Amino acid sequence: MTTHAIDGLADLVGAELGTSEWLLVDQERIDRFAEVTGDQQWIHVDTARAAGGPYGATIAHGYLTLSLLPMLVRQACTLEGASRRLNYGLDKVRFPQPVVAGSRVRAVVTLRSISEIRGGLRLGLSCVLEIEGAEKPACVAETLTLLLT
């Protein structure tokens with residue numbers, strides 16, 4: 001994890017802010033997400049059927065993959081000088097490759113943009129969720145974060 005002071009962030013536009021630790025996406029996590037969201041599609045929860053499917057195993061929901069970003073981004077970089085850090089939304093999200101159950105993922109975070117807002121800053125972050133050992137990432141998201149001072 002890296003630490004950055006918010007008063008120096010303008011100089012870091014285009015720079016990588018940090019990389020999270022690897023996180024295991026196991027079947028238990030996938031099953032719990034399926035239960036909470038009501039998305040019980042077989043490719044996510046039926047291990048026997050999915051074994052004969054296109055990926056040879058179950059895969060994580062795209063929205064499960066996306067939902068890991070807040071935790072992994074916070075793990076990748078600490079931003080000092082803000083009293084609150086709020087998720088403001090997304091500009092763009094893509095899922096180039098599914099996360100097969102049992103895979104490990106991590107986030108690489110780059111600062112795309114920064115702008116002043118009343119009471120703080122709005123950051124545009126590029127978040128690439130890598131899959132250990134895979135050529136393509138699981139998710140590429142352009143997120144918006146508010147840092148309130």
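Look up a bit, the structure's there.
Here the structure is a predicted model, which means the values were calculated and not measured.

Chemist: Residue-level account of helix α1 (residues 27-37), with values.
Modeler: Every buried residue of α1 is accounted for by Gln27, Ile30, Phe33 and Ala34. Buried residues of α1 fall within an arc of 125° about the axis and therefore sit on the same side. More than 90 degrees from the buried face of α1, the exposed residues found are Arg32, Glu35 and Val36. Where α1 is buried, its residues meet β3 (23-25), α2 (42-45), α3 (47-51) and α4 (62-67). At the C-terminal side of α1, Gly38 shows a positive phi close to 80°.

Chemist: For the nonpolar core, give the residues involved together with the corresponding values.
Modeler: Counting 33 residues, the largest nonpolar core has Leu9, Val25, Leu69, Val105, Leu125 and Leu129 as its most contacted members. With six residues, strand β7 (residues 120-131) is the single largest residue contributor to this core. If near-sequence neighbours (up to four positions away) are discounted, Leu69 is found in contact with Ala107, Cys127, Leu129, Cys139, Ala141 and Thr143.

Chemist: Go over the pattern of salt bridges with me, naming the residues and quoting the values.
Modeler: Side-chain pairs of opposite charge can arise whenever the charged atoms involved come near each other. Here the structure, examined in full by the defined rule, presents five salt bridges. For the salt bridge of Glu28 with Arg32, the shortest nitrogen-to-oxygen distance reads 3.5 Å. Of the two residues, Glu28 and Arg32 both sit in helix α1, four residues apart, roughly one turn of that helix. Residue Glu28 is classed as partly exposed on the basis of its relative accessible area, which comes to 49%. For Arg106, the salt bridge is made with Glu130, and the minimal N-O distance between the two is 2.7 Å. One end of the pair, Arg106, is in strand β6 (residues 103-117); the other, Glu130, is in strand β7, and 24 residues separate them in sequence. When its relative accessible area of 25% is taken as the criterion, Arg106 is described as partly exposed. Judged by relative accessible area, Glu130 falls into the partly exposed class, the value being 25%. The structure contains a network of salt bridges with shared partners spanning Asp91, Arg112 and Glu142.

Chemist: An account of the environment of Thr19 is requested, with residue identities and associated values reported.
Modeler: By secondary structure assignment, the location of Thr19 is in strand β2 (residues 16-19). Exposure remark for Thr19: the relative accessible area of 25% places this residue in the partly exposed category. Setting aside its immediate chain neighbours within four residues, Thr19 contacts Ala76, Arg106, Ala107 and Val108. Within the structure, Thr19 has its side chain in polar contact with the side chain of Glu16 (distance 3.2 Å).

Chemist: Outline the pairing of β6, listing residues and values.
Modeler: Relative to β6, β2 runs antiparallel, the two being bridged by three bridges. When the sheet's bridge partners are listed, Glu16 is paired in β6 with Thr110. Summarising the sheet, β3 and β6 pair through three bridges and their orientation is antiparallel. When the sheet's bridge partners are listed, Leu23 is paired in β6 with Val105. Across 12 bridges, β6 lies against β7 in antiparallel orientation. Residue pairing across strands places Arg106 opposite Glu130, the latter belonging to β7. Where β6 hands over to β7, the hairpin turn is made up of two residues, of which Gly119 adopts a positive phi near 85°.

Analysis parameters
Residues numbered from 1 in each chain as written. Predicted model: local features only at pLDDT ≥ 70, side-chain atom pairs only at ≥ 80, totals over all residues. Heavy atoms only, no water. Buried < 20%, exposed > 50% of the residue type's maximum accessible area, 1.4 Å probe, protein only. Helix = DSSP H or I, 4+ residues; strand = E, 2+ residues; numbered from the N terminus. Arc of directions from axis to C-beta. Contact = heavy atoms within 4.5 Å. Core = buried A, V, L, I, M, F, W, Y, C linked by side-chain atoms within 4.5 Å. Salt bridge = Lys/Arg side-chain N within 4 Å of Asp/Glu carboxyl O. Polar contact = N/O pair within 3.5 Å; in protein donor to acceptor, adjacent residues only side chain to side chain. Pairing = 2+ DSSP bridges.

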